Structures are given as C-alpha cells and as structure tokens.
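Residue strings, one per chain:
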Amino acid sequence: MPRWKELPAALTTSEHQLLVQLRRLKDHSDLSLAALAGRTSYSRSSWERYLNGKKPVPRKAVEELAQVCGTDPTRLVVLYDVAERARAKEAGRADEVQEPEGPGGGDARREEGRSPEPVAESATKPVTEAVTEPVAEPVVEPVVEPLRAGGPRRAGRTVPLGRAIGVAVVAVAVAFGAGMLASGARSGTEVREARPGSTVAADAGYLRGQTYPCEVRRKHGELRAGHSGTREMLLDINSTGFDVVEAQCLLREKGFDPGATDGLYDERAKDAAKKFQQAHHLVVDGIIGPDTWRELRR
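Now for a description of the structure that goes with this document. (Residues numbered from 1 in each chain as written. Predicted model: local features only at pLDDT ≥ 70, side-chain atom pairs only at ≥ 80, totals over all residues. Heavy atoms only, no water.)

## Considering unusual backbone geometry
Convention followed: Helix and strand assignments come from DSSP, with helices taken as H or I runs of at least 4 residues and strands as E runs of at least 2, each series counted from the N terminus. Exposure is judged per residue with a 1.4 Å probe applied to protein chains only, and the accessible area is read against the type maximum: over 50% gives exposed, under 20% gives buried, and values in between give partly exposed.
Although it is not a glycine, His220 sits at a positive phi angle of roughly 55°. Looking at the secondary structure, you find His220 in the loop between β5 (217-219) and β6 (222-224). Although it is not a glycine, Asn238 sits at a positive phi angle of roughly 75°. Take Asn238: it is sitting in the loop between β6 and α8 (242-253). Among the residues examined, Asn238 registers a relative accessible area of 55% and is labelled exposed.

What follows is the structure, encoded as structure tokens:
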C-alpha cells in the first residue's frame, strides 16, 4: 500500500488526529480511493483531497466511511465535532483582523451541502475558547428585580450563556478524552503538578513532572510496565498521563530511548516512536496507535 502524503502543517491538532484515524480506518479496510467512491456519495478526487488535508472532510463523509468499513462512527463523529470547533476558532481569529463586509459578511467556512444557520448574538464568541481558557468560578453579579407589590427586591445570580456552553464542551471533551483525542491522560485520573521533593502516594494519580519507574514484565502473553493496559490510546505531542508512561517504558524496553519516563509525550519520545515504527515496518508518523501498541507489547 502506498505511503500517505505528509499532512499540511497548517492543520489544527484535532484535524490532524481526525485525518490520522480516517486514514488508518481506510488502510485497515483495504479499500482503494476508487472503491470508496463506488460505495459512498463522494468521488475519488474528493476522498483524495479529504484524506490529504487539502479540504475539510464533511461530517457525512466521516459517517459513510465508518459505515463502509464496518465500524461504529460515534468516536469519529466526536473527533469531527472537536475539529470543527477548532477550525471555527481559527477562522474567528482571522476575521478579527479583517474589515467586515456589511451584515453577514466575511468568508465563513461551510460544510458541503449545509446551509448557514442563524447565530444568536450572545453565541458569536467561538465555543472552543471555553476549552482553552481556565474555567474559573463565575462572577457573581447582583441582579435587582423590579419592585413587586407586597414583596421586597431580591438579589440573584447570573451565569453567562457562553460560559455555560463552555462547561458543556469541556464535559464532552473529558468524557471522550481521551478515548482518542489528544489529551493522553488516563481516564479517571487527575493531572496535577508535582512539587519538587514531594513524596508521591501510590494512589495519588498522575502528577506532571514526576518520573515513574519501569518494571516491564510479560503478563498474559504481552509486555506490561504496570502503568496502563491500553492497546488503543492515541498518543501524540503533548499527550500526558499513565498511558504515556507505559509507552515510554515499553519503548525503552525495546531499545529505543524516549527520555524521562515522566508521562509527557515530547519530541524525544516521538522521535523514539518513529525509530521503533521504522524498525517494525509500521507507518512512521510518531503517533502511537493500535498498530504501534501491538508491536510494543509483543
């Protein structure tokens, strides 16, 4: 099977993750682009542009690819939604430096076949900003209700609509979390900063900046370092957590030095993963996914 072209550097991290998953799904199906065109609503040239990052892939194309390859589209659709929000955020930043061309002006990116929907004024701020901004306690502002007959004025609390939407987005991102996306942290663990010289309890959860021991053993026919049992988690630059510690320990066990076993997937760890993938005839992209996990645990 021919190698895929390098994805454009201008893609956001979430778009890159989505396309990597779509490429893997297509490769595992052994379907050519022409075969995909024959089984979906999109032409061969459209699939070539989508999978090489030349044009945003439509949501319907994601769903049809999953259906043709016989897999549940839920996770891919969540990845698509996150990528769309990230792309909308980037588009919003570009619009900030452009003069508006009257009501409704500007080049809004639209999906194929989807008509623009009216956007309420209170929701014009990109929703994804709530994911990247620190989530703080909402500001309490006194609100005085009109004086009613027989009753005093009362003070209430208001929660901004944008922040409420942001909290919902954070909840979705954490729930999916990193079933595939880009956080890399183990589900149910809290990522905290380790204080220099502090003692880490066994149940303290993952601590950023802490180095963890590697005790690689063979269990049930596969290698395990005792930090994670995953065989599917996607790891890429800036992923964190015990899944990363597990990968670092296994890379070191296989003779590829990832640097410190601290649970941070940095450039050194990615370089070690690339060398491992090349040595085992895998796709050399430095992203640890199901194929690379399978070889690491042999």
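## Describing the side chain of Glu222
To keep it simple, the criterion reads: Counting of polar contacts relies on pairs of N or O atoms within 3.5 Å, with two restrictions inside protein: one atom must be capable of donating a hydrogen and the other of accepting it, and residues adjacent in sequence are counted only when both atoms are side-chain atoms.
Within the secondary structure, Glu222 sits in strand β6. Judged by its relative accessible area of 10%, Glu222 is buried. Within the structure, the side chain of Glu222 is placed 2.8 Å from the side chain of Arg224, a separation counted as a polar contact. At 2.4 Å, the side chain of Glu222 forms a polar contact with the side chain of Arg231.

## Quick word on the state of the cysteines
To be explicit about the condition: Any two cysteine sulfur atoms lying within 2.5 Å of each other are counted as a disulfide.
A complete count under the given rule lists one disulfide for this structure. Each disulfide pairs two cysteine sulfurs, and for Cys214 the partner residue is Cys249, the sulfurs being separated by 2.0 Å. One quick way to see it: the torsion about the S-S bond of Cys214 and Cys249 is about -75°, and its sign makes the bridge left-handed. One end of the pair, Cys214, is in the loop between β4 (207-208) and β5; the other, Cys249, is in helix α8, with 35 residues separating them in the sequence. Given a relative accessible area of 30%, Cys214 falls into the partly exposed group. A relative accessible area of 1% places Cys249 in the buried class.

Remember, this is a structural readout, not a statement about activity or role.
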